Amino acid sequence: MDISVKAPAKINLTLDVLHKRADGYHELEMVMTTIDLADRIDLTETSGGIQLESTSGFVPYDERNLAYRAAVLIKERFSIKKGVRILIHKHIPVAAGLAGGSSDAAATLKGLNRMWNLGLSREELEEWGLELGSDVPFCVHGGTAIARGRGERLVSAASPPPCWVILAKPPHGVSTAEVFGALRMDRVTRRPNLDGMLNALESKDFHGVCRHLENVLESVTIPAYPKVRRLKEKMAAFGAEGVLMSGSGPTVFGLVHRETTARRVVNGLRGFCRQVYAVRILGGTEGESLV
Ligand SMILES: C[C@@](CO)(OP(=O)(O)O)[C@H](O)COP(=O)(O)OP(=O)(O)OC[C@H]1O[C@@H](n2ccc(N)nc2=O)[C@H](O)[C@@H]1O
Ligand SMILES: Nc1ncnc2c1ncn2[C@@H]1O[C@H](COP(=O)(O)OP(=O)(O)O)[C@@H](O)[C@H]1O
């Protein structure tokens, strides 16, 4: 049986770091939502082994690939002799703060659960996903959620009101480990207001959502990569109503209510940045890509 699974990217509407834990990870509190910029994972059953192919030259082609590791996990835990060919149609920029690798892993877990009739619940898949990476449980969950702990303690939240999400990805990638490693909470000047964001989501208050966008990891990535600040400034100047860096960066996103403004922001940014996308939030109006 062949299976195709959509693997959407996420953005962080808020990201707070509460403290560094004894295990080296950071205790987080974030609001995340999936967007309609997605990879596609095609899974084909084979007689044995795991083969990996991708349309992108930027992802690892071996056991470091998160989709590959998801397949190893499933095969080992269930002692499955059959094999799988994984083809990743890559559309999400790599090492961008958009959880592309994590979403590929989540989609592979979901797809193999179906292909091999394993009967794992969403909660079990989230639990298994945490073994692969902190963002994988959310990618299994999807929609909009508050994520705590390393990112695995998830509570569903109301989706943002329908709007355009403009993404601008600077040419360089960013290492999540390095960003957390360089974080100094005594240098953080602004923290997210979680209740403010949740109230805005609940009441579908677009401008409230824009006002409550906040990410403490900007305090590390922006000084290291001034281009991120310039992109934020440009995006706001062209008309985005709320602007933030996603995750550890370096992708900057802007929220825009009207399609005409979205076009203006995209066209304006194209002069400064090669990778610009305009997509919809998933869970709001299911959207086709504007550009
Ligand atoms: C920052 C976030 C926010 O959504 O997203 P990205 O920027 O990666 O998209 C995530 O927490 C990233 O999740 P993910 O990319 O899966 O991280 P992992 O592979 O688990 O961890 C990479 C490294 O980041 C650090 N790390 C990660 C998560 C966490 N709660 N505390 C940490 O300190 C650790 O040094 C770890 O070795
Ligand atoms: N399927 C995959 N797609 C993208 N990157 C992957 C994948 N598997 C492993 N990686 C590795 O994971 C790292 C983080 O990539 P990604 O998930 O795209 O970024 P981020 O965590 O910033 O959102 C990259 O260094 C990349 O080499």
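Residues numbered from 1 in each chain as written. Chains lettered and ligands numbered in written order. Predicted model: local features only at pLDDT ≥ 70, side-chain atom pairs only at ≥ 80, totals over all residues. Heavy atoms only, no water.

1. Describing the UniProt feature "binding site: ATP" (unreviewed entry) in the chain
Under the present numbering, the feature "binding site: ATP" (unreviewed entry) in UniProt falls on Pro93, Val94, Ala95, Ala96, Gly97, Leu98, Ala99, Gly100, Gly101, Ser102 and Ser103. Of the residues named above, Pro93, Val94, Ala95, Ala96, Gly97, Leu98, Ala99, Gly100, Gly101 and Ser102 line the largest pocket. If you trace the backbone, Val94 turns up in the loop between strand E4 (83–89) and helix H2 (100–115). In this structure, Val94 is in contact with Phe58, Val59 and Lys169, ignoring residues within four places of it in sequence. Of note, Ala99 is situated in the loop between E4 and H2. You can call Ala99 buried: its relative accessible area is 12%. Once residues within four sequence positions are removed from consideration, Ala99 is found in contact with Lys10, Asp135 and Cys139. (UniProt positions renumbered as here; feature names shortened; annotations may be inferred. 1 Å grid on protein atoms, 1.4 Å probe; cavity = no way out; pocket = protein on both sides within 12 Å on 5 of 7 lines; lining within 4 Å. Helix = DSSP H or I, 4+ residues; strand = E, 2+ residues; numbered from the N terminus. Contact = heavy atoms within 4.5 Å. Buried < 20%, exposed > 50% of the residue type's maximum accessible area, 1.4 Å probe, protein only.)

2. Digging into the packing of aromatic side chains
The geometry of an aromatic ring pair is captured by the separation of the ring centres together with the interplanar angle, meaning the angle of the planes. The tally for this structure, following the rule as stated, stands at two aromatic pairs. With a centroid separation of 6.3 Å and 45 degrees between ring planes, the pair formed by Phe238 and Phe272 is classed as tilted. Here Phe272 lies in the loop between helix H10 (259–270) and strand E11 (275–280) and Phe238 lies in helix H9 (residues 226–238), a separation of 34 residues in the sequence. By relative accessible area, Phe238 is classed as partly exposed at 23%. Positioned above the aromatic ring of Tyr25, the side-chain terminus of Arg150 is 4.1 Å from the ring centre. (Phe/Tyr/Trp six-rings, centres within 6.5 Å; stacked < 30°, edge-to-face > 60°. Lys NZ or Arg CZ within 6 Å of the ring centre and 35° of its normal.)

3. With respect to unusual backbone geometry
The residue after Gly249, namely Pro250, is reached through a cis peptide bond having omega 5 degrees. Here Pro250 lies in the loop between strand E9 (242–245) and strand E10 (252–256). Even without being glycine, Ala95 reaches a positive phi, approximately 55 degrees. Its location among the elements puts Ala95 in the loop between E4 and H2. Of the residues examined, Ala95 reaches a relative accessible area of 40% and is grouped as partly exposed.

4. Points about the nonpolar core
Nonpolar side chains tend toward joint burial in soluble globular proteins. Grouped together as the largest cluster of nonpolar side chains are 36 residues, with contacts concentrated most on Val17, Ile166, Leu217, Met235, Val256 and Leu269. When residues in this core are grouped by element, the largest group, four residues, is from H10. Three or more residues apiece are contributed to this core by two domains, here domain 1 (2–156) and domain 2 (164–280). The contact partners of Val17, leaving out residues within four places of it in the chain, are His26, Glu27, Leu28, Phe180, Leu183, Met185, Arg191, Val216 and Leu217. If you look at the next biggest cluster of nonpolar residues, it comprises 33 residues, including Ile80, Ile88, Ala105 and Val136. (Core = buried A, V, L, I, M, F, W, Y, C linked by side-chain atoms within 4.5 Å. Domains from an automatic or database assignment.)

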